Amino acid sequence: MHLHSPREPFLNALQLAASFCAVRSPKQVLMDVLIEASNGEVVLQASDAEVSIRTRFADPGVRGEGRAALPAGTLLSAVRNLPGEVVSIQESGSLIEISGGPALFKLHGDDPSLFPLPPMPTFEAGTGTGTVTLPLPAFLDLCARTMFAAAKDIGRYAFNGVLLELDQHEITLVATDGRRLSLARLSCETGVKERSTSIIPVKGLVQLQRAAGAGAGDLRIVVTRDKVCFGLGKTEILVQLVEGEFPDFRAVLPKQKDMPREVLLDREELVLAIHRAAVTAGDQARSVELSFEQGKLRVSSRQEGVGESRSELGVSYEGDAVGIRFNPEFLGEYLRALPDPSVTFRF
């Protein structure tokens, strides 16, 4: 390995790739970043065996070629602390020299041939679905609206992931932990021939959000038998799918005829009212009650030995008095995930 690169683009790519490495692993190579350089382009890859990334950049200032596998955390700290505008990486016997300006680090690396390189699907043809292209911000919005509802307990298998359903004219994401369910849909022409479903681990979507940054441009999706690949710009993310069968979410969705009442609420006011009520909801069997009456909504909680609280909001409601209890954390997470200024309650 002999590489000279402008420091800024190299550091940006390294920070992204390093965030995909395993924090702890019996396999040292899973805590490494693989660096490859050729023809004025630098490619960085990292993997924790479940989620992998390949990101690249080209710059007129890139010179040299070769490959090296280096510990991500140590390398990132070294490059961050280098002075100057150019970083140089080259072999020096059994060590790898990282230098910039008057500063020099010598790091122990690993054999690049041992680095796990999962095959990245092409974005021209994927098994069963082909390539789906859609605006990246739209997909990130679907993720934000659903991911919070996935199970956080390890060992829930399918519940630990988010269901991705690709249909001819629609993309659907669904998450549930068995006590709540969140569903978001996006109407778009996917180009797929038939409906397909996959369960994506939440960690894969979190890493996609991290790689997306501000979230501009298009997102490309290819689903294979056991993996999903996301492509954005010059970055590809490969995620191992969750095994198991996702519950039939359509069977538990309420029908329109079962929800005759509809109330439009100010989202921010409701979030604040729930937050206040949560103060006296106690530690066991936490709940807040939403009581709808003529022209108002009362948000309250009461716990023996703790106390009680109540807030009132003005609403357009003319039906019979109705009280509904919710877990304040569940309801609050959902409301905070919405970008809309108002939310509709149907019951």
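Criteria and cut-off values
- Residues numbered from 1 in each chain as written.
- Predicted model: local features only at pLDDT ≥ 70, side-chain atom pairs only at ≥ 80, totals over all residues.
- Heavy atoms only, no water.
- Phe/Tyr/Trp six-rings, centres within 6.5 Å; stacked < 30°, edge-to-face > 60°.
- Helix = DSSP H or I, 4+ residues; strand = E, 2+ residues; numbered from the N terminus.
- Buried < 20%, exposed > 50% of the residue type's maximum accessible area, 1.4 Å probe, protein only.
- Core = buried A, V, L, I, M, F, W, Y, C linked by side-chain atoms within 4.5 Å.
- Contact = heavy atoms within 4.5 Å.
- Salt bridge = Lys/Arg side-chain N within 4 Å of Asp/Glu carboxyl O.
- Arc of directions from axis to C-beta.
- Polar contact = N/O pair within 3.5 Å; in protein donor to acceptor, adjacent residues only side chain to side chain.
- Axes fitted to C-alpha atoms, helices over the stretch in contact; angles between N-to-C directions.
- Parallel < 35°, antiparallel > 145°, perpendicular 65-115°, else oblique.
- Left-handed = near helix turned anticlockwise from the far one by under 90°.
- Nonpolar A, V, L, I, M, F, W, Y, C, P; charged D, E, K, R; others polar.

J.: Would you mind going over the packing of aromatic side chains with me for this structure?
T.: Aromatic ring pairs are reported here in terms of the distance separating the ring centres and the angle at which the planes meet. Summed over all chains, the structure comprises seven aromatic pairs. With a centroid separation of 5.8 Å and an interplanar angle of 45 degrees, the aromatic rings of F139 and F230 are classed as tilted. Of this pair, F139 sits in helix 3 (residues 136-146) while F230 sits in strand 15 (residues 227-232); the two residues are 91 residues apart in sequence, bridging distant segments of the chain. Of the two residues examined, F139 and F230, each falls in the buried class. With a centroid separation of 5.8 Å and 55 degrees between ring planes, the pair formed by F292 and Y317 is classed as tilted. Here Y317 lies in the loop between strand 20 (307-314) and strand 21 (322-326) and F292 lies in strand 18 (residues 288-293), a separation of 25 residues in the sequence. When sorted by exposure, F292 lands in the same class as Y317, which is buried. Following the ring pairs from residue to residue traces out a cluster consisting of F292, Y317, F326, F345 and F347.

J.: Help me understand the nonpolar core, please; the structure alone is not making it clear to me.
T.: It is characteristic of soluble globular proteins that their nonpolar side chains tend to be buried jointly. Ranked by size, the top nonpolar core spans 69 residues in total, and within it F10, I35, F139 and F230 carry the most contacts. Per-element tally for this core: the top contributor is helix 1 (residues 7-18), with seven residues. For F10, the contacting residues outside a window of four places in its chain are L3, S5, I35, V42, L44, F57, V79, V87 and I89.

J.: How do you make sense of the pattern of salt bridges when you look at a structure like this?
T.: Pairs may arise between side chains of opposite charge once their charged atoms sit close together. Using the criterion set out here, one finds 27 salt bridges in the structure. Note that R346 is salt-bridged to E262, the shortest N-O span being 3.1 Å. Of this pair, R346 sits in strand 22 (residues 342-346) while E262 sits in strand 17 (residues 262-266); the two residues are 84 residues apart in sequence, bridging distant segments of the chain. Accessibility expressed as a relative area gives 42% for R346, which makes it partly exposed. Here K296 ties to E312 by a salt bridge, and the two come within 3.6 Å at their closest N and O atoms. In this pair, K296 is assigned in strand 19 (residues 296-303) and E312 in strand 20, connecting sequence segments 16 residues apart. Residue class for E312 comes out partly exposed when judged on its relative accessible area of 45%. The structure contains a network of salt bridges with shared partners spanning E41, R54, R56 and E236.

J.: Would you explain helix 2 (residues 72-80) in this entry?
T.: Three or four residues apart is the spacing at which side chains of an α-helix point the same way, because the helix has 3.6 residues per turn. Listed in full, the buried residues belonging to helix 2 are A72, L75, L76, A78 and V79. The arc that holds the buried residues of helix 2, viewed along the axis, is 165 degrees, so those residues lie on one side. Buried residues along helix 2 sit against helix 1, strand 2 (32-38), strand 5 (63-71), strand 6 (86-92), strand 7 (95-100) and strand 8 (103-108).

J.: I'm lost on helix 6 (residues 328-337) in this one. Help?
T.: Of all the positions in helix 6, only P328, F330, L331, G332, L335 and A337 are classed as buried. The N-cap of helix 6, judged by a side-chain oxygen 2.8 Å from the amide nitrogen of E329 a few residues on, is N327.

J.: Where do I start with the packing of helix 5 (residues 267-278) against helix 6 in this structure?
T.: At a minimum axis separation of 10 Å, helix 5 and helix 6 run at an interaxial angle of 155 degrees. Judged by the inter-axis angle, helix 5 sits roughly antiparallel to helix 6. Handedness of the crossing formed by helix 5 with helix 6: left-handed. The segment helix 5 lies against helix 6, with R267, L270, V271, I274 and A278 engaging P328, L331, L335 and R336. The class makeup of the residues in the contact of helix 5 with helix 6 is seven nonpolar, no polar and two charged.

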